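In case you want the letters, here they are:
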Amino acid sequence: MAHPKLRVIVEDNDYRRLDLPSGMPETLTELHNTIREAFGVEHDFNIQFMDPDFNNDFMNLTTVQDLQDRGTIKLVYMQNVVGVSPVSSLRSTPSTSLSSETLVSSQSSPCASSIHASSTDSDSTIILKHSDSELRERAWPRNFPIPRFSYNVEMQLQQGNESFRDTGNQLKIAPGLKSEILEKLAEEIFLYTAYPQNYQIDDVAGALIKKFPCLKEQSATGYYSWMISLKYKMANYRTKMRIIGCPEVTVNALKNKSSDECLPAKNVKKPKKAEVNFFPSHPAGETDESLEKVRLELLVDIRQRNTASRVREKMSKTFSYRRKEVVQEKPTAGEVKTRWPALFHISEVGIYCTSLNLCLL
DNA sequence: ATCCTTACGCGGTGGAGAGC
DNA sequence: GCTCTCCACCGCGTAAGGAT
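Residues numbered from 1 in each chain as written. Chains lettered and ligands numbered in written order. Predicted model: local features only at pLDDT ≥ 70, side-chain atom pairs only at ≥ 80, totals over all residues. Heavy atoms only, no water.

## Regarding the overall build of chain A
Secondary structure assignment for chain A yields 14 helices and five strands. Evaluated residue by residue, chain A yields a buried proportion of 48% over its 361 residues. Surface summary for chain A: the accessible area is close to 18700 Å², and the carbon and sulfur share equals 50%. (Helix = DSSP H or I, 4+ residues; strand = E, 2+ residues; numbered from the N terminus. Buried < 20%, exposed > 50% of the residue type's maximum accessible area, 1.4 Å probe, protein only. Areas by Shrake-Rupley, 256 points an atom, 1.4 Å probe, with all protein chains shown as cover.)

Structure (structure tokens):
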């Protein structure tokens, strides 16, 4: 039987064929790895597919279910230089994992996605800089991709699956195995959100059992206790992240709350629906002070001519700083307009509305 | 002995829904 | 529209047990 294949736009004018003799990848991670190996791509990239629901325009791929045999996908590279072509990014030395505010916005905000719905070539795909790896790249996926566990865990689970298939016996979880599974899942969940909701925990536990039926337990769903454990795990994982200073969770630590709201559940700051990067860390090496300087520069730049790219670059750089202001200080729209006039320029509104936690359209 | 992880209790918040 | 109740969830502290 013929195996599936994909047409891959590796870069402009470089269309390649990707044969998949083992079938379609089961997870996005697997697809990423296959592409990396097949074409020697070293730089970080996002994948877009031609979405029939939107006139076959390219949309970010959030689940492998959207892949079709002989379909076309496109690689969109993460890079830290505005306007650099994907060609150079292919050849450049890979650095830290980078993300783009625009790409994030396109998944998390209806107004931003409108900008990209009609993008069909790389030149029109706006890529902005954020010189840190803290930004989230994806909204919550339709099908949660169970990450690859460490070799010994994968081996135990594969053997467990085989035994389950043959005998119907569930895997007897060895000491430490559960911890390793929960830890890896928590890491993966944290890539999307620090505060998963019930349906999200349900998604993850369901996906785990689907991939590893040997982990099924005696309950209506087969994964109830995994859901409970994941809830505990995420709570404990947040504590861990709080201790190492992850801003998204330290903002809710009692020691960072004012005396009148010094209660654990009072005014918990977490992402609203569809927000992806709620409270990212500052770019490496940047502080409130250094980013305040950039903000002051922006106030000058915005009044000058031919500074669009500089403004865009600085707005991207100060994304985390703006988010911090919005989350912690809850400024009025007027205050934001005074401090960040570039946000209200028509060319920037669609791109940056998510940084405000507002849809300005 | 010490550290780490899981699981749990506590006292509280806040959103949803029912009743008025 | 307001009040009340219910319930899920929050950070924090901690017990228990396993790993080192």
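Once you've had a look at it, read on.
## Some details on unusual backbone geometry
Phi is positive for Asn306, close to 50°, though the residue is something other than glycine. As for its placement among the helices and strands, Asn306 is situated in the loop between helix 10 (288-301) and helix 11 (308-317). For Asn306, a relative accessible area of 81% corresponds to the exposed category.

## Digging into the confidence of the model for chain A
Summarising the model, chain A shows a mean pLDDT of 73, and 74% of its residues fall at 70 or more. Segment residues 79-133: pLDDT under 50, and 132 contacts once partners within four positions in sequence are set aside and those in other chains are kept. Taken together, the stretch residues 350-361 has pLDDT below 50 and engages in 43 contacts with residues farther than four places along the chain or on a different chain. (pLDDT = per-residue confidence, 0-100. Contact = heavy atoms within 4.5 Å.)

## Let's talk about the protein's contact with DNA strand B
Around DNA strand B sit 13 residues, and of these Lys178, Lys233, Ala265, Lys266 and Asn267 come closest. In DNA strand B, the atoms that sit within 4 Å of the protein are 68% sugar and phosphate, with bases accounting for the remainder. Contact between DNA strand B and Ser179: a sugar or linking oxygen at 3.3 Å from a side-chain N or O atom of the residue. Lys233 has a polar side-chain atom sitting 2.7 Å from a phosphate oxygen of DNA strand B. In the surface near DNA strand B, the residues fall into five nonpolar, four polar and four charged. (Near = heavy atom within 4 Å. Polar contact = N/O pair within 3.5 Å; in protein donor to acceptor, adjacent residues only side chain to side chain. Nonpolar A, V, L, I, M, F, W, Y, C, P; charged D, E, K, R; others polar.)

## Brief notes about the packing of helix 10 against helix 11
Interaxial distance between helix 10 and helix 11 falls to 10 Å at its minimum, and their mutual angle equals 155°. Judged by the angle between their axes, helix 10 and helix 11 are roughly antiparallel. By crossing handedness, the relation of helix 10 to helix 11 is classed as left-handed. On the side of helix 10, the interface is formed by Leu291, Val294, Glu297, Leu298 and Asp301, while helix 11 contributes Arg310, Val311, Lys314, Met315 and Lys317. Its residues assigned to classes, the contact of helix 10 with helix 11 shows five nonpolar, no polar and five charged. (Axes fitted to C-alpha atoms, helices over the stretch in contact; angles between N-to-C directions. Parallel < 35°, antiparallel > 145°, perpendicular 65-115°, else oblique. Left-handed = near helix turned anticlockwise from the far one by under 90°.)

## Topic: helix 6 (residues 177-192)
In a regular helix each residue adds 1.5 Å, so 16 residues correspond to 22 Å; helix 6 covers 24 Å between its end C-alpha atoms and thus fits that length. Residues Leu177, Ile181, Leu182, Leu185, Ala186, Glu188, Ile189, Phe190 and Tyr192 constitute the buried set of helix 6. (Expected span 1.5 Å × (residues − 1).)

## Re the packing of aromatic side chains
This structure, assessed with the given rule, holds six aromatic pairs. Pairing Trp140 with Tyr192 gives two aromatic rings, centres 5.4 Å apart and planes at 70°, and the pair type is edge-to-face. Of the two residues, Trp140 sits in the loop between helix 4 (110-116) and helix 5 (151-167) while Tyr192 sits in helix 6, which places them 52 residues apart along the sequence. Judged by its relative accessible area of 6%, Tyr192 falls in the buried class. Joined through ring pairs, the aromatic side chains of Trp140, Phe144 and Tyr192 make up one cluster. Over the aromatic face of Trp340 sits the side chain of Arg322, whose NZ or CZ is 5.2 Å from the ring centroid. (Phe/Tyr/Trp six-rings, centres within 6.5 Å; stacked < 30°, edge-to-face > 60°. Lys NZ or Arg CZ within 6 Å of the ring centre and 35° of its normal.)

## Focus on helix 1 (residues 28-39)
Each turn of an α-helix holds 3.6 residues, which means side chains three or four residues apart point in the same direction. If you check helix 1, its first and last C-alpha atoms are 16 Å apart, about what 12 residues at 1.5 Å a residue would give, namely 16 Å. Of all the positions in helix 1, only Leu28, Leu31, His32, Ile35 and Phe39 are classed as buried. Buried positions in helix 1, seen along its axis, are confined to an arc of 100° and lie on one side of it. Considering only its buried residues, helix 1 is in contact with strand 1 (5-11), strand 2 (14-19), strand 3 (45-51) and strand 5 (72-77). Once helix 1 finishes, Gly40 follows within two positions and takes phi at roughly 65°, a positive value. (Arc of directions from axis to C-beta.)

## Describing the pairing of strand 5
Side-chain direction in a regular strand flips from residue to residue, so the side chains alternate between the two faces of the sheet. Here strand 5 lies mainly inside the structure; six of its six residues are buried. Burial of strand 5 is two-sided: the residues Thr72, Lys74 and Val76 facing one way and the residues Ile73, Leu75 and Tyr77 facing the other way are all buried. Pairing geometry for strand 1 and strand 5, over three bridges, is parallel. Residue Val8 lies in a different strand from strand 5, and its bridge partner there is Ile73. Bridge count between strand 3 and strand 5: five bridges; the pairing is antiparallel. The residue of strand 5 that forms the bridge with Asn46 is Val76. (Pairing = 2+ DSSP bridges.)

## Some words on the nonpolar core
Phe149, Ile181, Leu208, Leu215 and Trp226 are the most contacted members of the largest nonpolar core, which has 34 residues in total. Put simply, the parts of the chain that give this core at least two residues each are helix 5, helix 6, helix 7 (198-211) and helix 8 (224-243). In terms of residues, this core owes the most to one element, helix 6, which gives eight residues. Excluding residues within four positions of it along the chain, Ile181 makes contact with Phe149, Val153, Leu157, Leu208, Leu215 and Trp226. Judged by nonpolar contacts, the second largest core, of 20 residues, contains Leu6, Leu20, Leu28 and Ile47. (Core = buried A, V, L, I, M, F, W, Y, C linked by side-chain atoms within 4.5 Å.)

## What to know about the environment of Thr63
With respect to the secondary-structure elements, Thr63 resides in the loop between strand 4 (57-60) and strand 5. Accessibility expressed as a relative area gives 3% for Thr63, which makes it buried. Measuring from C-alpha to C-alpha, the distance between Thr63 and Thr27 comes to 7.3 Å, with 36 residues separating the pair along the chain. Excluding its chain neighbours within four sequence positions, the residues that come into contact with Thr63 are Leu28, Arg142 and Asn143.

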